[in-house]
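Summary of structural features
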Amino acid sequence: MSTRQAGQDLDTSKAHSARMYDYFLGGKDHFEIDKEAALVAAQAHPGIYVTARENRAFMHRATRALAQEHGIRQWLDIGTGIPTEPNLHQVAQSVVPDAHVVYADNDPLVLKYAERLMRSTTQGRTAYVQADVTDPDALMSAVEDSGVLDFDRPIALSLNALMHFITDPHDPYAIVRRLLDPLPAGSALAMNHCTPDFDPVTWNKVAEVYTKSGSPVQFRSHSDVRRFFDGLDLVEPGICCCHRWRPATPAAGEPEIEDAQISLLAGVGIKR
Ligand SMILES: C[S@@+](CC[C@H](N)C(=O)[O-])C[C@H]1O[C@@H](n2cnc3c(N)ncnc32)[C@H](O)[C@@H]1O
């Protein structure tokens, strides 16, 4: 177990995406200002609670698929969020008990609760680094320093509901290329990303709420999300709304969820 801190103070003067997301998932680790911003977003899109749950469910399915079908034993999860069980390492270690996982996030509140990410199996290992993905050199150097990942063996890069917080001026495509570059063949990218494609009016309103509350977002079209996977082999079923990515069998009588309600595009690609 290890944690590293980039020396950033907790800013409670504005809402933060990690804490708003915690509110949507029914967690308790947020402040009043985060709840207020989350409630305004929920006015724009009342189904946002289901969106958050489906986002999390995609991470579970993608992690299991990578472990079971692609032999992945190591993960780098950036934009981890406030711990919510099961966390990625718990999903991975339920399939592969000796899985190694490094988590990274830029919210100091995630660092505060990072010990919850360290409850690893005895065979496995986890670490947490506080880092900003907009400085991928510093982030990767902290990840390497953690000593938890072996860069000679495949690593899955998990960017779940993160890259829509990285607006174009930060060159998100160059960031993802930089993160993938040091990973060997057989490594993977698993990503979930908000899109306005299915319901532009609602999702542009949601984007406005986030941006005004202090977390600028840029939701992207299918073709723009596809670009993150350039040079990778997409695994079946390709890029689709996340609840359609290898869905669990719905319980009898459960209503079908519309793409517009979820509006998260998910995909998994393998590096050649
Ligand atoms: C919506 S949450 C997603 C949490 C988790 N990945 C999941 O899908 O359940 C987005 C996370 O990205 C983090 N984040 C946003 N911008 C970031 C940045 N520039 N660098 C690192 N993390 C960032 C937030 O702090 C938050 O924890």
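The structure contained in this document is the topic of the report that follows. Numbers given to residues run from 1 along each chain, matching the order in which its sequence is written. Confidence filtering applies because this is a predicted model: local features only for residues at pLDDT of at least 70, side-chain atom pairs given and counted only at 80 or more, and all residues used for totals across whole chains, interfaces and linings. Hydrogens and water are ignored here; the side-chain numbers use all heavy atoms of the structure.

A few points about the packing of aromatic side chains
Each aromatic pair joins two rings of Phe, Tyr and Trp (for Trp, the six-membered one) with centres within 6.5 Å, and gets the label stacked for planes under 30 degrees apart, edge-to-face for over 60, and tilted for any other angle. In this structure the tally under the stated criterion is seven aromatic pairs. Plain terms: the ring middles of Y23 and F24 are 6.3 Å apart, the flat faces sit at 65° to each other, and that makes the pair edge-to-face. Exposure is judged per residue with a 1.4 Å probe applied to protein chains only, and the accessible area is read against the type maximum: over 50% gives exposed, under 20% gives buried, and values in between give partly exposed. The exposure class of Y23 is buried, given its relative accessible area of 19%. An aromatic cluster of three or more residues is present, and its members are Y23, F24 and Y49. Here, over-ring charges are defined by two tests on the NZ atom of lysine or the CZ atom of arginine: distance to the ring centre within 6 Å, and angle to the ring normal within 35 degrees. Sitting above the plane of the Y113 ring, R116 keeps its charged end 4.3 Å from the centroid. Just above the ring of Y173 sits the side chain of R227; from NZ or CZ to the centre is 3.7 Å.

Comments concerning the site of the ligand
Nearness of a residue to a molecule or strand requires only that one of the residue's heavy atoms be within 4 Å of it. Surveying the vicinity of the ligand reveals 20 residues, the closest of which are Y21, R56, G79, D105 and D132. Taking N106, its main chain carries an N or O atom lying 3.4 Å from a nitrogen atom of the ligand. Within the contact set of the ligand, a nitrogen atom lies 2.8 Å away from a backbone nitrogen or oxygen of N160. Protein chains shield 95% of the accessible area of the ligand, which is 590 Å² for the free molecule. Secondary structure is summarised from DSSP: a helix means a run of H or I of at least four residues, a strand means a run of E of at least two, and numbering begins at the N terminus for each. Secondary-structure elements contributing two or more residues to the shell around the ligand are α1 (17-24) and α3 (48-70). Residue contributions to the shell around the ligand peak at three residues, all from α1. Classification convention: Asp, Glu, Lys, Arg as charged; Ala, Val, Leu, Ile, Met, Phe, Trp, Tyr, Cys, Pro as nonpolar; all other residues, Gly among them, as polar. Split into classes, the residues belonging to the shell around the ligand amount to eight nonpolar, eight polar and four charged. Polar contacts, as counted here, are pairs of nitrogen or oxygen atoms within 3.5 Å of one another; within protein the pair requires one atom able to donate a hydrogen and one able to accept it, and residues that are adjacent in sequence qualify only if both atoms are side-chain atoms. Areas reported as accessible are Shrake-Rupley estimates using a 1.4 Å probe. Residue values count occlusion only from the protein chains shown.

Overview of the side chain of D77
By the element assignment, D77 lies in strand β2 (residues 74-78). Charge counting treats Lys and Arg as positive and Asp and Glu as negative, with His and both chain ends excluded. One speaks of a salt bridge when a side-chain nitrogen belonging to Lys or Arg is within 4 Å of a carboxyl oxygen belonging to Asp or Glu. No salt bridge is formed by the buried D77; the nearest opposite charge belongs to R56, separated by 6.5 Å. At a separation of 3.1 Å, a polar atom in the side chain of D77 contacts the side chain of T80. Two residues form a contact once any of their heavy atoms are found within 4.5 Å. What D77 contacts, discounting residues up to four positions off in sequence, is L88, V102, Y103, A104 and S158.

Things to note about the packing of helix α6 (residues 136-146) against helix α7 (residues 172-180)
Taken N-terminus to C-terminus, the directions of α6 and α7 make an angle of 25°; their axes are 10 Å apart at the nearest point. When the interaxial angle is binned, α6 and α7 end up roughly parallel. Considering how the two elements wind past one another, α6 and α7 form a crossing that is right-handed. Residues P136, D137, L139 and M140 of α6 form the contact with α7, whose own contacting residues are I175, R178 and L179. Within the contact of α6 with α7, the residues separate by chemical class into five nonpolar, no polar and two charged. Here an angle of 0 to 180 degrees is reported between the N-to-C directions of two axes, which are lines fitted to C-alpha atoms, with helices fitted over the stretch in contact. Relative orientations are named as follows: roughly parallel for angles under 35 degrees, roughly antiparallel for angles over 145 degrees, roughly perpendicular for angles from 65 to 115 degrees, and oblique for any other angle. Crossings are sorted by hand: turned counterclockwise from the far helix by less than a right angle, the near helix makes the crossing left-handed, and turned clockwise it makes it right-handed.

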